Amino acid sequence: MGCFFVSKNEKKLERFHLLAQHEHVFACPLCSKPMKAIPNTSFVCSSGHCFDFAKHGYVNLLTRPPKTKYDTSLFAARQHMNASGFFEPLISRISQGIHQNMPPHLEPLRLLDAGCGEGSHLVSIQQNILERTKIAPLGVGLDISKEGIKIAAKRSSNTIWCVADLARCPVMDRSFSVILNLLSPSNYDEFHRILADDGIVIKVIPESHYLQELREALHQHTLRDTYSNKRIQELFKRHFSLIGMERVTYSILLQKEELHSLARMTPLSWGTSDALLQRWTNQEQAEVTVDFSILYGKKG
Ligand SMILES: [Zn+2]
């Protein structure tokens, strides 16, 4: 028991040091003024707006209570799928894309994951970049869900985790060289404000064959098969100049437990019948198609 508290406190201390070291990157979500870390308790702006540094090792920068429909079990399912290697080829492509598109002199390398959820993607990308470049990038993960951030803050990584609203990103103008926005809603005005002038924004969107087996099993052709993300692409291009786009498609063999987590983490299973869901999760294993597009943008 005592040991548990010691390790928890150490983790909190480690997280706090990281936040204090990079406090200049942050801006008050209410008044945009600089922030100061007050040892182990809070994060305060120069006008006195005060935000809690939680015992789990994250900062809560929300200015009003969130309306979120995600719960802990959804993030646990996502974490399980990440650990199973489901997203690995995608993560590897993104890391390579960052490496290829970054100006060589760009340091410090700071990545912001807008809508990071339980944080697996950001941490994997940070590790991947460290292996490729020998530079340890700083990661900042933002999500409006406290449940996701709580899980994220349990990891050991060079990452600051914040509960925050994307409509008021609590960071300084032009402070990030890379903005990641993976399978998550965007706020392009804010992305524009916080991206460094030579930085890149990377958005991942699902393509038409993504989880087609699950879609067929749960909806039996009642959903339109002609999914199109054209509108999302157009919106992206209105805010950033598209410097590259690549499609990543692969299939992966999933075992029973993973099939269960997959169904749990996607909205495809919401509102479907229990019988269909059970038939899906009763399979011993199944092949599933993963199909994404990665959009790379720069300031125009
Ligand atoms: Zn303030």
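The residue numbering used here restarts from 1 in each chain and proceeds along that chain's sequence as written. Two thresholds apply to this predicted model, a pLDDT of at least 70 for residue-level local features and 80 or more for giving and counting side-chain atom pairs, whereas whole-chain, interface and lining totals are computed over all residues. The basis for every side-chain value is the complete set of heavy atoms in the structure, and neither hydrogens nor water enter the calculation.

Draft legend 1. View of the overall build of the protein chain. Labels follow the DSSP assignment, with helices taken as runs of H or I lasting at least four residues and strands as runs of E lasting at least two, numbered in each case from the N terminus. Within the protein chain, the secondary structure is distributed over ten helices and eleven strands. In this treatment the radius of gyration is a C-alpha quantity, and the globule benchmark scales as 2.2 Å times the residue count to the 0.38 power. For 300 residues, the compact-globule estimate of 2.2 N^0.38 gives 19 Å, and the C-alpha radius of gyration of the protein chain, at 20 Å, lies within 12% of that figure. Dimensions of the protein chain, computed from C-alpha atoms along their principal axes, come out at roughly 55 × 55 × 35 Å. The cut-offs for exposure are 20% and 50% of the maximum accessible area for each residue type, with area from a 1.4 Å probe on protein chains only; residues under the lower value are buried, those over the upper are exposed, and the others partly exposed. A burial count over the protein chain gives 50% of its 300 residues as buried. Any two residues whose heavy atoms approach within 4.5 Å at even a single point are treated as in contact. Put simply, 70% of the contacts in the protein chain that link residues at least 6 apart link residues at least 24 apart. Where accessible areas are quoted, they stem from the Shrake-Rupley method and a 1.4 Å probe; at the residue level, only the protein chains shown are allowed to cover. When the accessible surface of the protein chain is split by element, carbon and sulfur atoms take 53% of a total near 14400 Å². None of His or the chain ends enter the tally, which takes Lys and Arg as positive and Asp and Glu as negative. Taken as the charge location is NZ of Lys, CZ of Arg, CG of Asp or CD of Glu. For the protein chain, the centre of its 35 positive side-chain charges and the centre of its 30 negative side-chain charges are spaced 6 Å apart.

Draft legend 2. Expanded view of the UniProt feature "binding site: Zn(2+)" (unreviewed entry) in the protein chain. UniProt positions are given in the numbering used here, feature names are shortened, and annotations may be inferred rather than shown by experiment. Here, UniProt's "binding site: Zn(2+)" (unreviewed entry) annotation points to Cys28, Cys31, Cys45 and His49. These annotated residues cover 22 residues of sequence, and their C-alpha atoms all fall within 8.4 Å of one another, placing them together at a single site. Within the secondary structure, Cys28 sits in the loop between α1 (2–21) and β1 (35–38). Exposure remark for Cys28: the relative accessible area of 2% places this residue in the buried category. Mapped onto the fold, Cys45 is located in strand β2 (residues 42–45). Its relative accessible area of 5% is what places Cys45 among the buried residues. The residues touching Cys45, leaving out its near neighbours within four places in the chain, are Cys28, Cys31, Lys33, Pro34 and Met35.

Draft legend 3. Quick look at helix α7 (residues 212–219). Among the residues of α7, Leu214, Arg215, Leu218 and His219 are the ones counted as buried. Summarising the axial view, the buried residues of α7 lie within an arc of 100 degrees, below the 170-degree limit, and thus occupy one face. Taken together, the buried residues of α7 touch α9 (256–265) and α10 (274–281). At the C-terminal side of α7, Gln220 shows a positive phi close to 40 degrees. The directions considered for the arc are those from the helix axis to the C-beta atoms.

Draft legend 4. Main features of the packing of aromatic side chains. Side-chain rings of Phe, Tyr and Trp (the six-membered ring for Trp) are treated as a pair once their centres are within 6.5 Å; stacked means planes under 30 degrees apart, edge-to-face means over 60, and tilted covers the remaining angles. Considering all chains together, one arrives at nine aromatic pairs under this definition. With a centroid separation of 5.5 Å and 75 degrees between ring planes, the pair formed by Phe26 and Phe43 is classed as edge-to-face. Of this pair, Phe26 sits in the loop between α1 and β1 while Phe43 sits in strand β2, and the two are 17 residues apart along the sequence. Judged by centre distance (6.1 Å) and plane angle (70 degrees), the rings of Tyr188 and Phe240 are edge-to-face. Separated by 52 residues along the polypeptide, Tyr188 in helix α6 (residues 188–194) and Phe240 in the loop between α8 (230–239) and β10 (241–255) bring together distant segments of the chain. Side by side, Tyr188 and Phe240 carry an identical accessibility label, which is buried. Aromatic ring contacts, followed pair by pair, group Phe86, Phe87, Tyr210 and Phe292 into a single cluster.

Draft legend 5. Representation of the coordination of the zinc ion. The donor definition counts N, O and S atoms within 2.8 Å of each metal and applies 3.2 Å to Na, K and Ca; water is not among these atoms, so some sites may look incomplete. For the zinc ion, every protein donor is listed as Cys28 (SG), Cys31 (SG), Cys45 (SG) and His49 (ND1), and the spread of their distances is 2.1 to 2.3 Å. Under the classification used here, a metal with four donors is tetrahedral if each angle lies between 85 and 135 degrees, square planar if opposite donors are over 155 degrees apart and the others between 65 and 115, a six-donor metal meeting that same test is octahedral, and anything else is irregular. Coordination at the zinc ion is tetrahedral: its four donor atoms span angles of 103 to 113 degrees at the metal. In primary-sequence terms, the residues that donate to the zinc ion follow C-x2-C-x13-C-x3-H. Of this pair, Cys31 sits in the loop between α1 and β1 while Cys45 sits in strand β2, and the two are 14 residues apart along the sequence. Residue Cys31 is classed as partly exposed on the basis of its relative accessible area, which comes to 26%.

Draft legend 6. Spotlight on the environment of Ala167. In this fold, Ala167 is placed in the loop between β7 (159–163) and β8 (176–182). A sequence separation of 96 residues divides Ala167 from Ala263, and the C-alpha atoms of the two residues are 29 Å apart. Beyond its immediate sequence surroundings of up to four residues, Ala167 is in contact with Asn187 and Glu190.

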